[in-house]
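# Examination of the molecular architecture
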Amino acid sequence: MKETTKKKIIKWFWVLFTVPIVLVIGLIGMVWAFADIPSFEELESPDSNLATQVIADDGSTILSTFHIENRSYVTYDELSPNLVQAAVATEDVRFYNHSGIDFKSLGRVIFKTLLGGDSSQGGGSTITQQLAKTLYPREDVSSRIPGVSTLRMVGIKLKEWVTAVKLERSYTKNEIITMYMNQVFFGSNAYGIKAAAQTFFAKTPSDLTVEEAATLVGMVNKPTRYNPALNPDKSLVRRNFVISQMEKAGYLSKDQRDSIQQIPITLSYQVQDHTAGSGLYFRDMLRRVMNAEEPKRSSYSQYEDFVVDSLLWAEDDLYGWLNKNVKPDGSKYDIYRDGLRIYTTINPKMQKYAEEAVRQHIGQDMQKRFMREVRWKNNPPFDDEVEKKMIDGIMKRARRDSDRYRRMKAAGVSESQIMKSFTEPVQMRVFAWNKNGYADTTMTPDDSIRYYKAHIRASFIAMTPDEGHIKAYVGGTDFKAFQYDNARQSKRQVGSTIKPFLYTLAMQEGMSPCDQVANVPQTFIISEDKVWTPKSTDRDEYIGNMVTLKWGLAKSSNNISAYLMKQYGPEAMVEMMRKMGVGSFLDPVPPLCVGSANISLYEMVAAYNTFPSKGVYVRPMFVTRIVDNMGNVLAEFNTRKKEAISDRTAYLMANLMQGVVNGGTGYALRSRFGFTGEIAGKTGTTNDNADGWFIGYTPQLTAGAWAGFEDMQVHFNRTGDGGGAGAALPIWGLFMQKVQKDPSLARYYHKTAFDVPVGYELNLNCDGSGEVVADDGMTDVVKDDFEEEMENYFE
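My aim in this report is to walk through the structure given alongside it, one point at a time. (Residues numbered from 1 in each chain as written. Predicted model: local features only at pLDDT ≥ 70, side-chain atom pairs only at ≥ 80, totals over all residues. Heavy atoms only, no water.)

A few words on helix α12 (residues 280-290). Among the 11 residues that make up α12, nine are buried, leaving the element largely enclosed by the rest of the structure. Turning to α12, its buried residues number three or more, namely Leu280, Tyr281, Phe282, Arg283, Asp284, Met285, Leu286, Val289 and Met290. (Buried < 20%, exposed > 50% of the residue type's maximum accessible area, 1.4 Å probe, protein only. Helix = DSSP H or I, 4+ residues; strand = E, 2+ residues; numbered from the N terminus.)

Right, dumping it as structure tokens:
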């Protein structure tokens, strides 16, 4: 070869070699100078949809989230080393050696993948480039003009390179790998490694094993194809590939690789949607409270409810917080996108025990009993005494409230055709008390309405005296099937759980539990030509006897309640209930003494909490602070208290209400559940056993339960089944059993007696009945039924 020829070849080699590099560098420079590259400020605050976390009282347990994308951030210290090693070994083995662009991998892609057609060689994007692409998704590059799409893609790739370099200059490698793991979409509504670890393995990222980390990293580029819940075989192959890459990178030995690859994929899979997590009714109540708007009178049917909400708006910083506060830039906070951390008073174990108690009693006991009973009803699930006209009205309202009706109405379907569709059998999935939580069946929409109306609803709240912290909140049996909150939204007739307020008035006015009164019917003059006499619920042998007030409350005697109402009057009783925090409408009429008012469980538990709080009403508190996604405290909340009754009155009421548990309608807490120590409480039963209540307290904890049906026309025949002692008290008992078996919750049950007020001297060892407890150790079941009283009074 001639020397001149040789020189030409060398010249052209360097031209061909250097020109592309110069062009690339020139293009990068132009892109850097003129293209819309994210600024450093934008890199610090990418436009991500961060899930707001609802956090338990331990400061770490996430009960549930509010999210558009289920994404929560973690720090590098919260990542398992297995995760980092798996990601680096699989996605970017030279991650710690390059500055954002791996030219060796890029050359491999050009020569082996593009020119050689070997797709097994993988891509050339580094982890930093993938992060850039994830933070700032690519725009549509399609075009009808030939070549334009390719040019646009080249421009986008160059922008990603520049962004990657900027990221490398701005952040450490640990920060980049952390941002990367926080941004990746893993499928199944899991955005970021924290959501993915929870969704697939019910773990935090720091607890992931090698095989679990490899499974998740294997999903990064194809989250559906390698989803272990959807495609377990493909996921296993991909996971083992990642493990092999970890061995090649030196993170595992060959023996470790071989042994780990033999481990099957074991999931704890639950998609984290709006029906996943713990405390879902609590989360929904929290949303309603924080998103509340300033009350307007026109929005309320009851003036009392308007007053309550207006006071909350004025005095409670949490009520309407999202509408009262703005970000530094003046925009409103978005609970679904801003990644707030809401620290609550909910105890994760007590919340779990409360949900278990509700499901155990309702699902394993009450519902089965009602389904056996409902088979014998003429027009199930409605009671045989309910008129057809009323049933037709209930069904008509239910149809109009259904999604089916609204969809068909919006589509322009005629009313007659819509109604006809409710009578035609269709395949559907309905709620069921089984391990799946549902059953696939065929029935008419009308039958599905009746089916759901036959299901028992329930609610439960537990809170602490003094602090007023809500520790457990259950608004129903299953949030996915029944999203209406029966703890705070629902107001039901309270039956005899109202009687302690009347007895409180008597104690405050100087009476004591051992004072005796005549057990005789009481008659109220309503008008010149009308009188009202509450029906006695006592056994005949007690009528006409002198009995103590303690006996009267323990037996839930209407005669004794009527006597006290006659002494003090309904207006004084209403005033007492207002002092103790009950804000719902209270009609100041004599039947109030037997429970005619409609009140929420939330209000009732808070009011009863005044007794173990030594006479101080403590407004329920369930959020301690709100923090933004950068850790800045946005708001802190404190307990609000006011003195309602004297500590002497509170102690006397504790003594009175212990009589209910020791020898009255709440005796099952002793005989069935075996509780020792001092417990005070009261049962309540309403019209035809439609509502069952029990609210009880110990020195450290106040809790209440309600159980019933959506419609009062659906109910048990027997008070033993649907009354307070049978329907609600067992929920309380099951919950407290679980709490007292948990050593970590000892602070909530270690104290066994109520504090005696300083300087207090009074003998309270009395019952006044001669024989309160029956021979078998159980008191008579008292039916706190006031339906006839209502009919007589309002006739």
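Attention now moves to the state of the cysteines. Summed over all chains, the structure comprises one disulfide. With a sulfur-sulfur separation of 1.9 Å, Cys514 is cross-linked through a disulfide to Cys766. Between Cys514 and Cys766, the disulfide has an S-S torsion of -95 degrees and is therefore left-handed. You can see Cys514 sitting in the loop between α20 (499-508) and β9 (516-518) and its partner Cys766 sitting in the loop between α28 (724-740) and α29 (787-794), a full 252 residues away along the chain. (Disulfide = S-S within 2.5 Å.)

Bringing the nonpolar core into the picture now. One finds Leu286, Tyr473 and Phe622 to be the most contacted residues of the largest nonpolar core, which totals 99 residues. Setting aside residues no more than four positions away along its own chain, Tyr473 makes contact with Tyr281, Phe282, Met285, Arg288, Ile346, Gln351, Phe460, Ile461, Asp485, Ala487, Arg488 and Tyr602. Counting residues in each nonpolar core, the second largest holds 52 residues, with Ile394, Met395, Ala462 and Ala707 among its members. (Core = buried A, V, L, I, M, F, W, Y, C linked by side-chain atoms within 4.5 Å. Contact = heavy atoms within 4.5 Å.)

With antiparallel pairing, the five strands of this open sheet are ordered in space as β7-β6-β20-β19-β18. The open sheet has two edge strands, β7 (470-474) and β18 (680-685), and neither has a second partner. Each neighbouring strand pair of the sheet contributes to a mean axis angle of 5 degrees, computed without reference to strand direction. Relative to strand β19 (residues 691-697), β18 is paired through six bridges, and the arrangement is antiparallel. By the bridge assignment for β19, Gly681 is matched with Gly696. (Pairing = 2+ DSSP bridges. Axes fitted to C-alpha atoms, helices over the stretch in contact; angles between N-to-C directions.)

What holds strands together in a sheet is hydrogen bonding between their backbones, with the strands either parallel or antiparallel. A sheet is described by the order of its strands in space; here five strands give the open sequence β2-β1-β3-β15-β16, paired in mixed fashion. Bordering the open sheet on either side are β2 (62-66) and β16 (633-636), each of which pairs with just one other strand. Across the sheet, the mean angle separating the axes of adjacent strands is 20 degrees when strand polarity is ignored. Pairing between strand β1 (residues 52-55) and β2: four bridges, direction antiparallel. Each bridged residue has a counterpart across the sheet, and for Ile55 the counterpart in β2 is Ile62. Sitting on the sheet, α12 is in contact with β1, β2, β3 (341-344) and β15 (623-627), with an inclination near 50 degrees to β2.

Throughout the structure, instances matching the rule amount to 28 aromatic pairs. For the pair Tyr303 and Phe306, a centre-to-centre distance of 6.2 Å together with 45 degrees between the ring planes defines the contact as tilted. Placement of the pair is Tyr303 and Phe306 together in helix α13 (residues 303-315), with a separation of three residues, close to one helical turn. Taking relative accessible area as the criterion, Phe306 reaches 18% and is therefore assigned buried. Seen from their ring centres, Phe673 and Phe675 are 6.1 Å apart, and the 15 degrees between their planes marks the pair as stacked. A relative accessible area of 8% means that Phe673 is categorised as buried. Taken together, the ring pairs connect Phe431, Trp433, Tyr451, Tyr452 and Phe482 into an aromatic cluster. A cation over an aromatic ring shows up here: Arg429 above the ring of Tyr438, its NZ or CZ 3.8 Å from the ring centre. When the ring centre of Phe524 is taken as reference, the NZ or CZ atom of Lys566 above it lies at 5.4 Å. (Phe/Tyr/Trp six-rings, centres within 6.5 Å; stacked < 30°, edge-to-face > 60°. Lys NZ or Arg CZ within 6 Å of the ring centre and 35° of its normal.)

What follows deals with the environment of Val374. Looking at where Val374 falls in the secondary structure, it is placed in helix α15 (residues 348-374). In this structure Val374 touches Pro380 and Pro381, once residues within four positions along its chain are discounted.

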